[in-house]
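Understanding the architecture of this molecule
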Amino acid sequence: MKSSAVPETMRALVLTAYDGRPESLRVESLPVPRPSAGQVLVRVAAAPINPADLMFVRGQYGIRKPLPVVPGLEASGTVVASGGVAGKLLVGRRVACVAPGEGDGLWAEYAAVPLGQCLPLRSHVSDEQGASLFINPFTAWVLMERAKEGHHAALAQTAAAGTMGRMLLALAKRRSVPMVNVVRRPEQVELLHDLGAEYVLSTHEPEFEERLHRVCHELKVTLAFDPVGGRLTGQLLHALPEGGSVTVYGSLSEQECRIAPGDLIFGRKRVEGFWLSEWHRQGFGPAQIKALMGVPSLVGQTLETPVRARLPLESAGEAVRIASADMTAGKVLFVPAPADA
């Protein structure tokens, strides 16, 4: 049941077409959802625009919901009501949450979220940092755990100056694992050096591919992480020593991965994909429990999300434009700010 303090209606961003046009996202007044058994009602404090969200609103993500629908894959907020006895312990607590696999997401003032997809926020974690607790920090953690399990002595990554890249760099430094960082612009090279990165290469440097090949062989890099796709996936794979592999976990270039067949055939190299949602679907095994214990303690500290803009739902077009333009500068957050907050 809902608390009497919760209004009957709310503002929400509604997606009407998977075409990526600003006018296909508009603010509407919707009924505040009623949490069913196994759900809680969250008053949203902040919700980020992730690359996955941009893919979703363009119809390119792995989940495609019936329209119209409220987007938004993750957020932070306060639990204000519970649909069952189990969730009552969370009422009044701040949480990070992930949108349900079906129905509306989190770009709204309120959202009904499955109890198992909420995680109480520790006192040191702000609403802004908690809003981005799940997708990037857990992805970085899982990728680095796989590197550890595979006994990879050195790593490489593309889009290294972005939020995920910085998190992977921080975890690699924490474990004293050398990492080759690939970026696009000279100022990003300087940024990563300031963050303590030793090996940073820009794709616009002369002889980039030769330098990448040389340093990957010198360090014996056998695993690389690529959220970009396109030509860069093939360049990265080609630079690795024999038997190396590239894990693709994003599509920032919005292009097909271009891979030389010879690397797969003669170099015994491989490319695989990673999707955090699929990892979560495996259930609560030892890997999931370890991540749930480890990630929250690092969020807002080792795993910090830079934030560059905080905008209301009414600024959806501007927010999406800013988020799409330069991901190095930090996250764009929707701050719904319900009137009764």
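Taking an unreviewed UniProt entry as the reference, the chain is identified by name as Putative NADH oxidoreductase belonging to Pseudomyxococcus hansupus.

The next point concerns the overall build of the chain. Counting its regular elements, the chain contains 11 helices and 15 strands. Against the 2.2 N^0.38 benchmark of 20 Å for 341 residues, the chain shows a C-alpha radius of gyration of 21 Å, consistent with a compact globule. Expressed along its principal axes, the backbone C-alpha trace of the chain runs to roughly 65 × 40 × 35 Å. Per-residue burial over the chain gives 52% buried out of 341 residues. At a minimum sequence separation of 6, the contacts of the chain that also span at least 24 residues come to 68%. Only carbon and sulfur atoms are counted for the fraction: they give 54% of the accessible area of the chain, which is about 15,300 Å². Of the charged side chains in the chain, 35 are positive and 34 negative; the average position of the first set lies 5 Å away from that of the second.

Once that is clear, we can look at helix H5 (residues 186–194). Burial in H5 covers these residues: Gln188, Val189 and Leu192. The buried side chains of H5 occupy one side of the element, clustering within an arc of 105° when seen end-on. Away from its buried face, by an angle of more than 90 degrees, H5 presents the exposed residues Pro186, Glu190 and Asp194. The secondary structure elements touched by the buried residues of H5 are helix H4 (163–174), strand S9 (179–183) and strand S10 (199–202). Remark: Gly196 follows H5 within two positions and exhibits a positive phi of approximately 100°.

Our next topic: the environment of Arg185. Topologically, Arg185 is positioned in the loop between S9 and H5. Those residues within four positions of Arg185 in sequence are excluded, and the remaining contacts are Ser202, Asp326 and Thr328.

This brings us to the pattern of salt bridges. In total, this model carries 17 salt bridges according to the counting rule given. Residue Glu314 is joined to Arg11 by a salt bridge in which the shortest nitrogen-to-oxygen separation is 2.9 Å. Of this pair, Glu314 sits in the loop between strand S14 (307–311) and helix H11 (316–325) while Arg11 sits in strand S1 (residues 9–15), placing them 303 residues apart in sequence. Look at Glu314 and you get partly exposed, because its relative accessible area is 47%. Residue Glu278 is joined to Arg281 by a salt bridge in which the shortest nitrogen-to-oxygen separation is 2.9 Å. The partly exposed category is assigned to Glu278, whose relative accessible area is 42%. Salt bridges linked by common partners bring Arg11, Glu109 and Glu314 together as one network.

The next point concerns the nonpolar core. The biggest cluster of nonpolar side chains holds 50 residues, and the ones touching the most others in it are Val42, Ile49, Trp107, Cys118, Val332 and Phe334. Ignoring any residue separated from it by four or fewer positions in sequence, one finds Val42 in contact with Gly77, Thr78, Val79, Val95, Cys97, Glu109, Tyr110, Ala111, Val113 and Cys118. In terms of nonpolar packing, the next biggest core, distinct from the first, is built from 32 residues, Ala96, Leu119, Phe138 and Leu171 among them.

Residues Leu223 and Phe225 of strand S11 (residues 223–226) are buried on one face, and the alternating residues Ala224 and Asp226, pointing to the opposite face, are buried as well. With 4 bridges joining them, S11 and strand S12 (residues 245–248) adopt parallel strand pairing. By the bridge assignment, Ala224 is partnered in S12 with Val246. In terms of handedness, the path from S11 via helix H7 (residues 231–239) over to S12 forms a crossover that is right-handed.

What follows is about the sheet that holds strand S13 (residues 270–273). If you walk across this open sheet you meet the 6 strands as S10-S9-S8-S11-S12-S13, and the pairing is parallel. In the strand order of this sheet, the two ends are held by S10 and S13, each with one partner. When strand polarity is set aside, the average angle formed by the axes of neighbouring strands in this sheet is 20°. Strand direction decides the pairing type here: strand S8 (residues 155–157) and S11, joined by 3 bridges, are parallel. Across the sheet, residue Leu155 finds its bridge partner in S11, namely Leu223. Contacting S8, S11 and S12, helix H3 (residues 135–149) runs over the sheet at an angle of about 165° to S11. Relative to the sheet, H5 contacts S9 and S10, its axis offset from that of S10 by approximately 170°.

Analysis parameters
- Residues numbered from 1 in each chain as written.
- Predicted model: local features only at pLDDT ≥ 70, side-chain atom pairs only at ≥ 80, totals over all residues.
- Heavy atoms only, no water.
- Helix = DSSP H or I, 4+ residues; strand = E, 2+ residues; numbered from the N terminus.
- Rg over C-alpha atoms; globule rule 2.2 N^0.38 Å.
- Buried < 20%, exposed > 50% of the residue type's maximum accessible area, 1.4 Å probe, protein only.
- Contact = heavy atoms within 4.5 Å.
- Areas by Shrake-Rupley, 256 points an atom, 1.4 Å probe, with all protein chains shown as cover.
- Lys, Arg positive; Asp, Glu negative; His and termini not counted.
- Charge placed at Lys NZ, Arg CZ, Asp CG, Glu CD.
- Arc of directions from axis to C-beta.
- Salt bridge = Lys/Arg side-chain N within 4 Å of Asp/Glu carboxyl O.
- Core = buried A, V, L, I, M, F, W, Y, C linked by side-chain atoms within 4.5 Å.
- Pairing = 2+ DSSP bridges.
- Right-handed = clockwise from strand over helix to strand, strands pointing away.
- Axes fitted to C-alpha atoms, helices over the stretch in contact; angles between N-to-C directions.

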